[in-house]
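Reading the structure
Spelled out, the chains give:
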There are 2 protein chains.
Amino acid sequence: MSSSTASPDNRIDDVDRAILAALQHDATRPYAELGKAVGLSAGAAHERVRKLRERGVVRATTIDVDAAALGKPVLSFVTLDAADWMGGSDTAEALAAIPEIEEAHIVAGSGTVLLKVRTASTQELQSVLKRLYAVDTVATTHTTVVLETLFTRPVAIADRTGSGGH
Amino acid sequence: MSSSTASPDNRIDDVDRAILAALQHDATRPYAELGKAVGLSAGAAHERVRKLRERGVVRATTIDVDAAALGKPVLSFVTLDAADWMGGSDTAEALAAIPEIEEAHIVAGSGTVLLKVRTASTQELQSVLKRLYAVDTVATTHTTVVLETLFTRPVAIADRTGSGGH
DNA sequence: GCTGAAATTTTCGTCCT
DNA sequence: AGGACGAAAATTTCAGC
């Protein structure tokens, strides 16, 4: 309810960065351990994490599930070229209704969408493409199937060592 | 250290699926709550999760960090066309050395790699591209900058309702 | 897989820097 | 304001059934 400052303390310092990096790697460790790793007491570490959550820097605590173990070994990237999507605006909902789509990004002016799709087989991938055509005025689609994933990792936490220029 | 059966119980049943879905949404809830949500006691729920971790179905417990809050608002997808990468094989390491790369996938025969890159600015994106050219025999690159992310979500947990065909 | 109890951890109040 | 310390509450974890 203050009025002087819009953002009281929206800065992320080195300790926050260390905490975020540690939690990205393993969010199950107790606060005492986490605190020791970043040079804080358990209570202080807890307070930092609470604030990071409150500020929205930490969106959620989740588990990383092995897609192959779940029976979804086929990963693909699909590019959609549609007619007039930006106007419709419930595009996101239509895409979200297809559970095989993990990510949906608008990548160009009006009409180009990039999708990350995970399916059990190429047959199911075909099923997704059919559903995509049924969604709206989809002009063309271009599908790229991933043969091998070299690596996947969370957002990099930049450290403020000063030398980290371009 | 057993020798009779290679995979004692590698199947994922409905309860496991319910647990995985719940944990994807929020992995901070106590086991008592989780158990109640899936119709199990706290102890049984804990045992299920322990086994899922042991089997590798649950790879890790992590936090979802807001990239924009971290100063990395620019998301791009970069396609690389290189000469002979598959033979070299330390390609993954060279790419992993570039922290801005979040994902690296091989998407075609010999030489095409798809990268998911997150940077602070388009200038930093340019810096990444320069480093990519320096890596190896990179013939061409094609970069697509994401204008808006409609949604991102974890791997879908299929439910065995029987009606879920293609 | 369930119940119950011990051990650990989280969480909160208070004081200190 | 932010962190340390200690105690209460909650949770995890392990026993036996």
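Reading the values: rules and limits
Residues numbered from 1 in each chain as written. Chains lettered and ligands numbered in written order. Predicted model: local features only at pLDDT ≥ 70, side-chain atom pairs only at ≥ 80, totals over all residues. Heavy atoms only, no water. Least-squares fit on C-alpha atoms with pLDDT ≥ 70 in both. Contact = heavy atoms within 4.5 Å. Near = heavy atom within 4 Å. Polar contact = N/O pair within 3.5 Å; in protein donor to acceptor, adjacent residues only side chain to side chain. Nonpolar A, V, L, I, M, F, W, Y, C, P; charged D, E, K, R; others polar. UniProt positions renumbered as here; feature names shortened; annotations may be inferred. Helix = DSSP H or I, 4+ residues; strand = E, 2+ residues; numbered from the N terminus. 1 Å grid on protein atoms, 1.4 Å probe; cavity = no way out; pocket = protein on both sides within 12 Å on 5 of 7 lines; lining within 4 Å. Points joined across faces, edges and corners; volume = space filled by probe spheres on them. Buried area = accessible area lost by both parts, 1.4 Å probe. Salt bridge = Lys/Arg side-chain N within 4 Å of Asp/Glu carboxyl O. Pairing = 2+ DSSP bridges.

In the superposition of chain B on chain A (RMSD 0.1 Å, axial shift 0.0 Å), the rotation amounts to 180 degrees. Here the transformation between the copies is reduced to the relation of a two-fold axis. Among all residues of chain B, the one whose C-alpha sits closest to the rotation axis is Thr62(B), at a distance of 2.8 Å. In this assembly, 100% of the residues forming the interface of chain B have copies in chain A that are likewise at the interface, indicating an isologous arrangement.

Taken together, Pro30(A), Tyr31(A), His46(A), Leu40(B), Ser41(B), Ala44(B) and Arg48(B) form the complete shell of residues around DNA strand C. Each atom of DNA strand C within 4 Å of the protein was assigned to sugar, phosphate or base; sugar and phosphate come to 95%. Tyr31(A) places a polar main-chain atom, nitrogen or oxygen, 2.8 Å from a phosphate oxygen of DNA strand C. At 2.7 Å from a phosphate oxygen of DNA strand C is found a side-chain nitrogen or oxygen belonging to His46(A). The residue inventory of the surface near DNA strand C, partitioned by class, reads four nonpolar, two polar and one charged.

Under the present numbering, the feature "domain: HTH asnC-type" (unreviewed entry) in UniProt falls on residues 12–73 of chain A. Within residues 12–73 of chain A, the helical portion is 55% and the strand portion 13%, while the C-alpha atoms at the span's ends are 37 Å from each other.

Picture a little ball the size of a water molecule; that probe, rolled over the atoms, points out where space is still empty. Under the criterion given, the structure shown has one cavity of 30 Å³ or more. Approximately 40 Å³ is the volume attributed to the largest cavity. Broken down by class, the residue content of the lining of the largest cavity amounts to three nonpolar, no polar and four charged.

Between chain B and chain A, the residue contacts involve 62 residues of the former and 62 residues of the latter. Roughly 5,700 Å² is buried in total at the junction of chain B and chain A, and carbon and sulfur atoms are behind 62% of that figure. On inspection of chain B and its partner chain A, the count reaches six salt bridges. The closest approach of N and O atoms between Lys116(A) and Glu103(B), which form a salt bridge, is 2.9 Å. In terms of residue count, the dominant contributor to the side of chain B that touches chain A is strand E1 (residues 58–65) of chain B (eight residues). Of the residues contributing to the side of chain B that touches chain A, the split by class is 34 nonpolar, 15 polar and 13 charged. One ladder, built from seven bridges, connects strand E1 (residues 58–65) of chain A with E1(B); its direction is antiparallel. Paired with Val58(A) across the two strands is Val65(B), which belongs to E1(B).

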